[in-house]
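Remarks on the overall topology
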There are 2 protein chains.
Amino acid sequence: MPTAPFFRRIDVAPAYQKVADAIEREIVNGRIKPGEPIGTEQELVQQFGVNRSTVREGIRVLEEGGLIQRDSSRRLHACLPRYNKLATRLSRALVLHEVTFRELFEASMTLEAASIQGAVERATDANVAELADNLERSEKVVADPAALAELDAEFHVLIAKASQNRVLQLAREPAAQLFFPTTEMIVGRIAEGGARLVEAHRHLLDAIKRRDKEAGALWTRRHLQDWRRGFEKIASLDRSVEHMYMEHAHAARRR
Amino acid sequence: MPTAPFFRRIDVAPAYQKVADAIEREIVNGRIKPGEPIGTEQELVQQFGVNRSTVREGIRVLEEGGLIQRDSSRRLHACLPRYNKLATRLSRALVLHEVTFRELFEASMTLEAASIQGAVERATDANVAELADNLERSEKVVADPAALAELDAEFHVLIAKASQNRVLQLAREPAAQLFFPTTEMIVGRIAEGGARLVEAHRHLLDAIKRRDKEAGALWTRRHLQDWRRGFEKIASLDRSVEHMYMEHAHAARRR
DNA sequence: ATTCTAGCTTTGTCGGACAAATCCAGAATA
DNA sequence: TATTCTGGATTTGTCCGACAAAGCTAGAAT
């Protein structure tokens, strides 16, 4: 017969985890504001009463989580996690789960449509200017798939930004990171691919300027359908996202 | 006059980062499959030729990134990053960026609608069964806001799962993690809140069974509008997501 | 006032150490 | 023979101390 349960489970989290949690709590609760210094490793050693190796393991956890960063002089600061850094983690997860382009396409269709919708409603003059600038640069490289693909990705990031909805901005990022690298391949394979892409962007910007939801939705659909048609010339939508995209994400993270 | 650039930039990433990158590459490239052991710290020390402290810092990075895990016996294994663990990171980021409930609501509206859409098109019998089970349990706790809120969150996760779209599943999670904790408060404050919630779920499940897109879209809107009305009785939609939600996410992560 | 320099600090890495938990294989037992 | 026990070997989590390289700082030199 088991004894009555006098004791509750005791916390046996390793020390480095407790260090990480403690610092995380201070940051998330706002007691340490983004940008503020965390202190040197030596100080943390003294405050927590653990060894420096232990502190350092805790620091790595927070660093990877994007909550703290080292500045130019390697000192620790709290910081706002950057979306695209986090999104890279997610993209990696999607790759490992071997999601298909069909899933990617469907999700992106929804997310991009919502972004445009938001942009049409709430884009500021500054947003429009950024988009216009991007469009102008795109027009100059219509014939250069690599450059155009990069600008295309940027264009859609700017649209998400113009939606003024950071949740949407974050939600679309992982899919976009996997989605847009294909653009380069596709633009080259479809007749007038570059021109069609730029034209779609032009209409999207125009829709935003005129706050015309209909046009925004229409050209989003067309733009993505173009992608889809192009993609299907290369491969089946049911192909899973390939490992090569990780190379891409990898390279991007280093920058 | 500067000399001709004979040399390219040399890589000065710290050793622990190189260790992490090296292991990550093997996993992402598929040379180490999820579930397979990574080896002991000692083995890694020998393979990389660095100190154990260095290896351990690298391990922390990968652990936090969700790429490796320790099993019950604390041995290291590669693993598929779990969505809700990653999503917790994102939720935390959203909190720190002080996103508003309006952003959360708008994004969720889009994402939940897309999930239902997908579920209506592609839900399997197993999905339907899970949803039916959830509904049944929900009906038993209509009067218990806390229990109902939890089941509501689960219901929507199940719907996303039924959409068979993992990108969508992942994209909706961060917003959902912040969105659904409010349900508990709201259900209590709106007349017949619990009953309305369960009714909406019933109609959603029904729409999925009948593969009726219209009904699915309609009841998603109603369901979320109910949330919105309830929320606005408590606070403005322009309130930023509060720090208290982190407590929630925090507690959940421990489980 | 500006530049230089020599120390002080901090980080990244290393080697070694030890207790606690876990694993494993051979011994003892039913 | 199958199961349980047990003691040693591994492995992890933590600690201590050390050192080179890079960054910072304050006083010296110009």
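Below you will find a few notes about this structure. Given the structure is predicted, the values throughout are model-derived calculations rather than measurements.

Thoughts on the protein's contact with DNA strand D
Residues in close proximity to DNA strand D total 18 residues, the closest being Ala15(A), Asn51(A), Thr54(A), Ser73(A) and Arg52(B). Restricting the count to atoms of DNA strand D within 4 Å of the protein gives a sugar and phosphate share of 68%. Take Arg70(B): an N or O atom from its side chain is 3.3 Å from a phosphate oxygen of DNA strand D. Looking at the surface near DNA strand D, the elements with two or more residues in it are α1 (15-28) and α3 (52-65) of chain A together with α3 (52-65) of chain B. Here the surface near DNA strand D is composed, by residue class, of four nonpolar, five polar and nine charged.

Looking at the protein's contact with DNA strand C
Around DNA strand C lies a shell of 17 residues, among which Arg52(A), Ala15(B), Asn51(B), Thr54(B) and Ser73(B) are the nearest. Counting only the atoms of DNA strand C within 4 Å of the protein, the fraction contributed by sugar and phosphate is 69%. Backbone polar atom of Glu41(A) to a phosphate oxygen of DNA strand C: 3.2 Å apart, as the coordinates give it. Arg70(A) has a polar side-chain atom sitting 3.3 Å from a phosphate oxygen of DNA strand C. Contributions of two or more residues to the surface near DNA strand C are made by α3 of chain A together with α1 (15-28) and α3 of chain B. Here the surface near DNA strand C takes three residues from α3(A), the largest share from any one element.

Brief notes about the side chain of His77(B)
Residues and elements named next belong to chain B. Within the secondary structure, His77 sits in strand β2 (residues 76-78). Among the polar contacts made by the side chain of His77, one reaches the side chain of Asp71 at a distance of 2.8 Å. Excluding its chain neighbours within four sequence positions, the residues that come into contact with His77 are Gly35, Glu36, Pro37, Ile38, Leu67, Ile68, Gln69 and Asp71.

Comments concerning the packing of aromatic side chains
With the rule as written, the count across this model stands at 10 aromatic pairs over all chains. A ring pair is formed by Phe101(B) and Trp227(B), whose centres lie 6.5 Å apart and whose planes are at 40 degrees; its orientation type is tilted. Separated by 126 residues along the polypeptide, Phe101(B) in helix α5 (residues 101-122) and Trp227(B) in helix α11 (residues 213-234) bring together distant segments of the chain. When sorted by exposure, Phe101(B) lands in the same class as Trp227(B), which is buried. Counting every residue linked through ring pairs, the aromatic cluster contains Phe101(A), Phe105(A), Phe179(A), Trp227(A) and Phe231(A). It is Arg222(A) that lies over the ring of Trp219(A); its NZ or CZ is 4.6 Å from the centre.

Considerations on the relation of the copies chain B and chain A
If you rotate chain B by 180 degrees and push it 0.0 Å along the axis, it lands on chain A with an RMSD of 0.0 Å. Here the two chains are linked by the operation of a two-fold rotation axis. The fraction of interface residues of chain B whose copies in chain A are also interface residues reaches 100%, indicating that both copies meet through the same surface.

Quick notes on the packing of α5(B) against helix α8 (residues 166-179) of chain B
All names here are of chain B. The N-to-C vectors of α5 and α8 enclose an angle of 140 degrees; their axes lie 9 Å apart at closest approach. Relative to α8, the element α5 is oriented oblique. For α5 against α8, the interelement crossing comes out left-handed. Judged by residue contacts, Leu104, Phe105, Ser108, Leu111, Glu112, Ala114 and Ser115 of α5 engage Leu168, Ala171, Arg172, Ala175, Leu178 and Phe179 from α8. Each residue belonging to the contact of α5 with α8 can be placed in one class, and the counts come to nine nonpolar, two polar and two charged.

A look at unusual backbone geometry
Residue and element names in this part refer to chain B. Residues other than glycine seldom take positive phi values, yet Glu98 does so here, at roughly 55 degrees. For Glu98, the position within the fold is in the loop between α4 (83-96) and α5. Residue Glu98 is classed as partly exposed on the basis of its relative accessible area, which comes to 47%. Not every positive phi belongs to a glycine, and Gln164 is a case in point at roughly 60 degrees. With respect to the helices, strands and loops of the structure, Gln164 is situated in the loop between α7 (145-162) and α8.

What about α5(B)?
The end-to-end C-alpha distance of α5(B) is 30 Å, a good match for the 32 Å that 22 residues give at a rise of 1.5 Å each. With 16 of 22 residues buried, α5(B) lies mostly within the body of the structure.

Quick look at α11(B)
Because each turn of an α-helix spans 3.6 residues, side chains separated by three or four positions in sequence point in the same direction. Residues and elements named next belong to chain B. Along its 22 residues, α11 runs 32 Å from first to last C-alpha, staying within 8% of the 32 Å computed at 1.5 Å per residue. Looking at the packing, one finds that the buried side of α11 touches α5, α7, α8, α9 (181-189) and α10 (193-210). By the N-cap criterion, in which a side-chain oxygen at the helix start approaches the backbone nitrogen of a residue two or three places on, α11 is capped by Asp212, the distance to Glu214 being 3.1 Å.

Parameters at a glance
Residues numbered from 1 in each chain as written. Chains lettered and ligands numbered in written order. Predicted model: local features only at pLDDT ≥ 70, side-chain atom pairs only at ≥ 80, totals over all residues. Heavy atoms only, no water. Near = heavy atom within 4 Å. Polar contact = N/O pair within 3.5 Å; in protein donor to acceptor, adjacent residues only side chain to side chain. Helix = DSSP H or I, 4+ residues; strand = E, 2+ residues; numbered from the N terminus. Nonpolar A, V, L, I, M, F, W, Y, C, P; charged D, E, K, R; others polar. Contact = heavy atoms within 4.5 Å. Phe/Tyr/Trp six-rings, centres within 6.5 Å; stacked < 30°, edge-to-face > 60°. Buried < 20%, exposed > 50% of the residue type's maximum accessible area, 1.4 Å probe, protein only. Lys NZ or Arg CZ within 6 Å of the ring centre and 35° of its normal. Least-squares fit on C-alpha atoms with pLDDT ≥ 70 in both. Axes fitted to C-alpha atoms, helices over the stretch in contact; angles between N-to-C directions. Parallel < 35°, antiparallel > 145°, perpendicular 65-115°, else oblique. Left-handed = near helix turned anticlockwise from the far one by under 90°. Expected span 1.5 Å × (residues − 1).

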